[in-house]
Amino acid sequence: MRSIKDLLKTIYLTRLIWRLFLYIVFSLSLALFIRMLLCDFFRVPSNSMAPAVISGDFILVEKWTYGARILTSYKFERYQDPRVIRMFGIGNIHRGDVVVFNYPYRENNDNICMNLNMRLIKRCVGIAGDSLSIVNGCYHISELTDTVCYVSKKISPLNYRQESSYKDIFPYDTTFHWNVTDFGPLLIPAAGLSISLTSRNFILFRKLIAYETAAKVCMKDSLVYINDSLVQSYTFRENWYFMAGDHTANSHDSRYFGLIPEKYIIGKAFIILSSKETYTGRKRWERMMRMITFISGNHDIYTLHTG
């Protein structure tokens, strides 16, 4: 009799363990599915996007608008990106969207390369096909007649270190006297857009072309070569974007590191789940469950372009 009871007890425990195992596997699979295809979570490390999001905010980043980005392989060479598949999304990237993306450099600024260990949150102020300028500290998009985006405050030259030079500002060349308050015009490439490879365009887009073609791009005697083949024009294969921080005086953004390819974009910042002060750990209850929209809080608004 005891042996039958022991057997039944063993069977019961085996079933219990098996059910627990299946529950754990299902829970982990569901969590993985959600994070891969629907949303991810991100702790904001700085105030470059204040006041929309600030240091210590814990936010949900949704992926259903642009479509989830799936990395099919994590095995890649030193200056080679992982293979990426973009799932179907319900919308496109718009000016004014607050997005999370991978930093475009891994070891140095010579080669555009996805940095999986570094994610940034910025506002998209220029989309593929735009011509963007910063004039006296205000962003402008040419050929647009309506208000298209917002910046939390005007860029003030007094907020920046005087030692900043062309070496710090994209495209890092003395040919362009660009700085954080006067920048551009810069054409933001779109897939299918063709440009002539002049000396100016070579400086602006050399790294982008090298990234898209995975080839050596150089200039000899004012002529452009891609893998030793002479080319006079180039047609872009991807959409690119200009990202900027709302708190412009404290933002390392596309003014410094240049344009971002679409495959580097992880998702759209959606809601602040919780928030706490970085140094004291005090909970900011007033920020919890706050939607991340174009404008957050009472502050000056500057339009990119009003026509």
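Residues numbered from 1 in each chain as written. Predicted model: local features only at pLDDT ≥ 70, side-chain atom pairs only at ≥ 80, totals over all residues. Heavy atoms only, no water.

Chemist: Explain a nonpolar patch on the surface to me, please; I cannot follow it from the model alone.
Modeler: A surface patch of nonpolar side chains, amounting to about 780 Å² of accessible area, comprises Phe-26, Leu-30, Phe-33, Leu-38, Trp-64, Phe-88 and Ile-90. Within the secondary structure layout, Phe-88 lies in the loop between strand E4 (84–86) and strand E5 (98–103). (Patch = residues over 30% accessible without salt bridge, like charges linked within 9 Å, V, L, I, M, F, W, Y side chains within 5 Å. Areas by Shrake-Rupley, 256 points an atom, 1.4 Å probe, with all protein chains shown as cover. Salt bridge = Lys/Arg side-chain N within 4 Å of Asp/Glu carboxyl O. Helix = DSSP H or I, 4+ residues; strand = E, 2+ residues; numbered from the N terminus.)

Chemist: What should I look at first to understand the pairing of strand E6 (residues 115–126) in this one?
Modeler: Look at any regular strand and the pattern is simple: side chains alternate between the two faces of the sheet. Two strands pair when backbone bridges link them, and E5 and E6 are joined in this way by six bridges, in the antiparallel orientation. For Val-100, the partnering residue across the bridge sits in E6 and is Ile-121. As judged from the three bridges shared by E6 and strand E16 (residues 240–244), these two strands associate in the antiparallel manner. By the bridge assignment for E16, Arg-123 is matched with Ala-244. (Pairing = 2+ DSSP bridges.)

Chemist: Can you walk me through the side chain of Asn-201 in this structure?
Modeler: Among the secondary structure elements, Asn-201 is positioned in helix H2 (residues 199–213). Every residue in contact with Asn-201, bar those within four places of it in the chain, is listed here: Ile-195, Ser-196 and Arg-206. (Contact = heavy atoms within 4.5 Å.)

Chemist: How should I be thinking about the nonpolar core in this particular structure?
Modeler: Across soluble globular proteins, you tend to see nonpolar side chains buried next to one another. Grouped together as the largest cluster of nonpolar side chains are 49 residues, with contacts concentrated most on Leu-132, Phe-183, Leu-186, Phe-242 and Ile-265. For this core, the element with the most residues is H2, which contributes six residues. Apart from residues lying up to four places away in sequence, Leu-186 is in contact with Asp-130, Ser-131, Leu-132, Phe-170, Trp-178, Leu-204, Phe-205, Phe-242 and Leu-259. Within the second largest apolar cluster, 14 residues are counted, among which are Phe-42, Met-49, Val-61 and Ile-272. (Core = buried A, V, L, I, M, F, W, Y, C linked by side-chain atoms within 4.5 Å. Buried < 20%, exposed > 50% of the residue type's maximum accessible area, 1.4 Å probe, protein only.)

Chemist: I tried to follow the packing of aromatic side chains on my own but got confused; where do I start?
Modeler: Here a ring pair, both rings aromatic, is described through the centre-centre distance and the interplanar angle of the planes. Overall, the coordinates contain 15 aromatic pairs when judged by the stated rule. Ring centres of Tyr-103 and Phe-257 lie 5.5 Å apart, and the angle between their planes is 80 degrees; on these two criteria the pair is classed as edge-to-face. You can see Tyr-103 sitting in strand E5 and its partner Phe-257 sitting in helix H3 (residues 254–257), a full 154 residues away along the chain. Both residues of the pair, Tyr-103 and Phe-257, count as buried. Ring geometry for Phe-183 against Phe-242: centres 5.8 Å apart, planes inclined by 65 degrees, an arrangement best described as edge-to-face. Of this pair, Phe-183 sits in strand E10 (residues 183–187) while Phe-242 sits in strand E16, and the two are 59 residues apart along the sequence. Taken individually, Phe-183 and Phe-242 each receive the classification buried, so the pair is uniform in this respect. Members of the aromatic cluster, joined through ring pairs, are Tyr-139, Phe-176, Trp-178, Phe-183 and Phe-242. When the ring centre of Tyr-225 is taken as origin, the NZ or CZ atom of Lys-220, which lies over that ring, is 5.7 Å away. (Phe/Tyr/Trp six-rings, centres within 6.5 Å; stacked < 30°, edge-to-face > 60°. Lys NZ or Arg CZ within 6 Å of the ring centre and 35° of its normal.)

Chemist: What is the right way to look at the pattern of salt bridges in this model?
Modeler: Between side chains of opposite charge, a pair can form as their charged atoms come close. For the structure shown, the criterion picks out nine salt bridges. As a salt-bridge pair, Arg-119 and Asp-40 come within 3.8 Å of each other at their nearest N and O atoms. Taken together, the residues Arg-119 in strand E6 and Asp-40 in strand E1 (residues 39–43) connect sequence positions 79 residues apart. Judged by its relative accessible area of 10%, Asp-40 is buried. In this structure, the salt-bridge partner of Arg-106 is Asp-81, at a minimum N-O distance of 3.9 Å. Here Asp-81 lies in the loop between strand E3 (69–71) and E4 and Arg-106 lies in the loop between E5 and E6, a separation of 25 residues in the sequence. Residue Asp-81 is classed as buried on the basis of its relative accessible area of 14%.

Chemist: Whenever I open this one, the sheet that holds strand E7 (residues 131–135) confuses me. Can you help?
Modeler: In sheet architecture, strand pairing relies on hydrogen bonds along the backbone and comes in two forms, parallel and antiparallel. Strand order in the open sheet formed by three strands is E8-E7-E10, with antiparallel pairing between adjacent strands. The sheet is open, and its two edges are formed by strand E8 (138–141) and E10, each paired on a single side. Within the sheet, the average angular offset between the axes of one strand and its neighbour, ignoring direction, is 15 degrees. Where E7 meets E10, three bridges bridge the pair, whose relative direction is antiparallel. By the bridge assignment for E10, Ser-131 is matched with Leu-187. (Axes fitted to C-alpha atoms, helices over the stretch in contact; angles between N-to-C directions.)

Chemist: Got a minute to help me understand unusual backbone geometry in this structure?
Modeler: Negative phi values dominate among residues other than glycine, just as trans dominates among peptide bonds. Looking along the chain, the bond that leaves Ala-50 and enters Pro-51 is cis, with omega of 5 degrees. Here Gly-184 and Pro-185 are connected by a cis peptide whose omega angle stands at 10 degrees. Turning to its location among the elements, Pro-185 is positioned in strand E10. Positive phi outside glycine occurs at Met-289, with the angle close to 60 degrees. You can see Met-289 is positioned in the loop between strand E18 (265–275) and strand E19 (290–291).

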